[in-house]
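Listed below, chain by chain, are the residues.
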Amino acid sequence: MVSIRYIRNNMGMEFYGNSYKGNDEPIFVGIPTFLKLPWLRSHEELKSVRPDVAIIGEPFDFGTTIRPGARYGPRAIRAASTVPSPPYEHFNIETGVDPFGVFRTVDYGDVNVSPGDVVESHRRMTDKVKEVLDIDGIPVMLGGDHSITFANVRAFAKKYKNIGMIHIDTHADCAPQGLCGFKYDHGAHIRRIMELGCLKGKNYTLIGPRGYWPGPDLYKWMADQDFQWFTMLDVEELGIDKIAKEAADRANDNVDAVYISWDIDTFDPAYAPGTGEPEPNGLTSREGMRLMRLLSTSFDPDRFAFDLVEVAPNYDVSDGNSYNGGITSGLANRLIVELLAGLSLTKKGLTQGKPVRPNFYRGLGNTYDFGKGPKAKVPKRPPLTYGKDAKK
């Protein structure tokens, strides 16, 4: 682990010290933070270091209605993340991008949830996410069931009045209340977010719904709000590229910032069995990576937040103890690294990575645009006219 004193006095590539290029340490040695990144244990350390990205665990599944276990999601994702680590350098051989050469990234630990108390736990999540936003960092949350998204967006809404949102999920999660009348369960968080007043329907898109819940009345309500959604049949017919562009364009339309929430159950259970409510006919891991690469290069990284939810390692394959994570938590870890890679590319003002090619390269040369059709453009937003970031 890198000392706090070292972090405080160094920037960029030097942020991680000698561990950036290599670290002579077995993967099963040391504290399993996310990618074995530096661990900030207090708000005071966060304010002193001021990282670009902070990983936050939200070990919470009190909003689950069927199969619990997502409280262990952050731990499993972190365990899976250590398998290819160290070093901190993560140069993707396909895309030619390393996010950790751009972003000073830390693990900000877990929210100290209050077992059995949903409202209090959500409040603590809001507070911890807001701490990252207050130092102009990018918060990346590891869930946890999907009710955590309401708490996270509530923090986001304290900084940004108008947000765009992309919701990637098997289920719409727009119920007026959850099972047995509970307002804050994992099937009602979108309705709670709409009640905050920060999200307009025209700036919301759902990708991946399928199966038998919710029913037509709820989808009628969604249509009345001007929501857009793309079922898995739409994914098959239209393709990932067109859907990603429309979702990004809607999310970017006259807003201050963008939030993405990704439920791991969007993937087919063949790729992500470790979740509470798996549903057949989902995304493949390859489709998910393509979607992430397209979306992650479509937004302003300075006004962005992300959560990944519903990893439940007790149902996963090849994970009997979360020492190394299973295939679901491994996929979740990879999605987050891909997210940071795309954001880092945009942060540098680039649209394509620079992979090392063979002397007799036979490919088309695309890394993020894929050479097909139009791609969403990152908007140039005016300065905020409200809050602490308002220009005088």
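Residues numbered from 1 in each chain as written. Predicted model: local features only at pLDDT ≥ 70, side-chain atom pairs only at ≥ 80, totals over all residues. Heavy atoms only, no water.

Peer 1: Any chance you could break down the pattern of salt bridges for me, citing the residues and the numbers?
Peer 2: Taken as a whole, this structure holds 20 salt bridges when the rule is applied. A salt bridge links D134 to K130, with the nearest nitrogen and oxygen atoms 3.0 Å apart. Taken as a pair, D134 and K130 lie in helix α4 (residues 118-134) at a separation of four residues, close to a single helical turn. Classification of D134 as partly exposed rests on a relative accessible area of 34%. Across the salt bridge formed by K220 and D224, the nearest N and O atoms sit 3.0 Å from each other. Here D224 and K220 lie together in helix α7 (residues 216-224), a separation of four residues that amounts to about one turn. What emerges from the salt-bridge pattern is a single network uniting E94, R293, R334 and E338. (Salt bridge = Lys/Arg side-chain N within 4 Å of Asp/Glu carboxyl O. Helix = DSSP H or I, 4+ residues; strand = E, 2+ residues; numbered from the N terminus. Buried < 20%, exposed > 50% of the residue type's maximum accessible area, 1.4 Å probe, protein only.)

Peer 1: Describe unusual backbone geometry, listing the residues and the values that go with them.
Peer 2: In the segment running from G143 into G144, the intervening peptide bond is cis, with an omega of 10 degrees. With a phi close to 60 degrees, N254 is a non-glycine residue in the positive phi region. Of note, N254 is situated in the loop between α9 (240-252) and β7 (257-263).

Peer 1: Describe the pairing of strand β3 (residues 138-143), with residues and values.
Peer 2: Judged by how many residues are buried, β3 sits mostly within the fold: six of six residues are covered. Burial of β3 is two-sided: the residues I138, V140 and L142 facing one way and the residues P139, M141 and G143 facing the other way are all buried. With six bridges connecting them, strand β1 (residues 53-58) and β3 associate as parallel partners. Residue pairing in the sheet places A54 in a bridge with P139 of β3. For β3 and strand β8 (residues 304-309), the ladder comprises three bridges, and the chain directions are parallel. By the bridge assignment for β8, L142 is matched with L308. (Pairing = 2+ DSSP bridges.)

Peer 1: I'd like to hear about the pairing of β8, residue by residue, with values.
Peer 2: Strand residues, when the strand is regular, have side chains that alternate between the two faces of the sheet. With six of six residues buried, β8 is to be regarded as a mostly interior element. Both faces of β8 are covered, namely the face carrying F304, F306 and L308 and the face carrying A305, D307 and V309. Where β7 meets β8, six bridges bridge the pair, whose relative direction is parallel. By the bridge assignment, D263 is partnered in β8 with V309. Handedness of the β7-helix α10 (residues 285-296)-β8 crossover: right-handed. (Right-handed = clockwise from strand over helix to strand, strands pointing away.)

Peer 1: How would you summarise the sheet that holds β3 if you had to cite specific residues and measurements?
Peer 2: Here eight strands make up an open sheet; going across it, the order is β2-β1-β3-β8-β7-β4-β5-β6 and the pairing parallel. Edge positions in the sheet fall to β2 (105-110) and β6 (228-230), since each has one partner strand and no second. Direction aside, the axes of adjacent strands within the sheet are offset by 15 degrees on average. Running at roughly 170 degrees to β7, helix α5 (residues 148-159) makes contact with β1, β3, β4 (163-168), β7 and β8 of the sheet. (Axes fitted to C-alpha atoms, helices over the stretch in contact; angles between N-to-C directions. Contact = heavy atoms within 4.5 Å.)

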